[in-house]
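Commentary on secondary and tertiary structure
So the chains spell out like this:
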Amino acid sequence: MVDTDRITGTAKELGGKVQGTVGDLTGSKRDALEGRAREAQGAAENLYGQAKDGVRDAAEHVADTAREIGGKVRDTVGNLIGSDDVEDRARRAQGAAGDTYDRAERAVRGAGREAYDRAGDAYENGGRSLRQGGREVSHQVAEHPVAALLVAGLLGYGLGLLIHGRD
């Protein structure tokens, strides 16, 4: 199952690329900056979703492996009942398997927390960049309102052509 952050992040990233490219083509710094910021935010959200997927998959793998080892130890002990030495070794092996599972689970959880923290930092940095880009865009629009209106109109017309075609 794919994490929803991956889906929304990819969508934002793609939308940002399109907006940035349109801004570059039309000469609109606002759209170019806003698009790059949205693209960065989408990439960060996608990475965050990938990290969550990776941690979930690793935790499931470790849990499955530990259950499999525990089952094999239990079966072996059940087959060899009657020999005190074998039973003792089987108990030690089962304890070792449990310890290995605990260590692996702690490692996976630690990796998950680290990935979560890094993705959160990337998301915050993307948000800061987006806000900074928004302020820059607002400043440019305030300085050149007629040019901004013209660019917005051309952009709307161009998107209309893309959506509805040239019938």
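Our structure is the block above this text.
Here is a short report on the structure shown in this document. Note that the structure is a prediction, hence the values are computed from the model and not measured.

Parameters at a glance
Position labels on residues start from 1 in each chain and follow its written sequence. Totals for whole chains, interfaces and linings use all residues, but because this is a predicted model, local features are given only for residues with pLDDT of at least 70 and pairs of side-chain atoms are given and counted only at 80 or more. Neither water nor hydrogens contribute to the side-chain values; these are computed over all heavy atoms in the structure. The definitions used throughout rest on a 1 Å grid laid over the protein atoms alone, on which a cavity is an enclosed set of points accommodating a 1.4 Å probe that cannot get out and a pocket is an open set flanked by protein within 12 Å on both sides along at least five of seven lines; lining residues are those having an atom within 4 Å of a point. Grid points are joined across faces, edges and corners, and a volume is the space filled by probe spheres set on the points. Numbering of helices and strands runs from the N terminus, with a helix taken as a DSSP run of H or I at least four residues long and a strand as a DSSP run of E at least two residues long. Three classes are used, and their members are as follows: Ala, Val, Leu, Ile, Met, Phe, Trp, Tyr, Cys and Pro are nonpolar, Asp, Glu, Lys and Arg are charged, and the others, Gly among them, are polar. One speaks of a salt bridge when a side-chain nitrogen belonging to Lys or Arg is within 4 Å of a carboxyl oxygen belonging to Asp or Glu. Only protein chains enter the calculation, and the probe is 1.4 Å; a residue is then buried if its accessible area is under 20% of its type maximum, exposed if over 50%, and partly exposed in between.

What follows concerns the layout of surface pockets. The volume enclosed by the largest pocket comes to roughly 240 Å³. Together, Gly27, Ser28, Lys29, Arg30, Asp31, Gln140, Val141, His144, Ala147, Ala148, Val151 and Ala152 line the largest pocket. Among the elements of the structure, helix H2 (29-79), helix H3 (84-143) and helix H4 (145-164) are those that each provide at least two residues to the lining of the largest pocket. Examining the composition of the lining of the largest pocket, we find that 4 residues originate from one element, H4, more than from any other. The residue makeup of the lining of the largest pocket, split by class, is 5 nonpolar, 4 polar and 3 charged. The space that makes up the second largest pocket amounts to roughly 170 Å³. Lining the second largest pocket we find Val55, Ala59, Val62, Ala63, Tyr101, Ala104, Glu105, Val108, Arg109, Gly112 and Arg113.

With that settled, consider the pattern of salt bridges. As a working rule, side chains carrying opposite charge can pair if their charged atoms are close by. Summed over the entire model, instances satisfying the criterion amount to 4 salt bridges. Notably, a salt bridge pairs glutamate 114 with arginine 118, separated by 2.7 Å at the nearest N-O pair. Here arginine 118 and glutamate 114 lie together in helix H3, a separation of 4 residues that amounts to about one turn. In this structure arginine 118 comes out as exposed when scored by relative accessible area, which is 57%.

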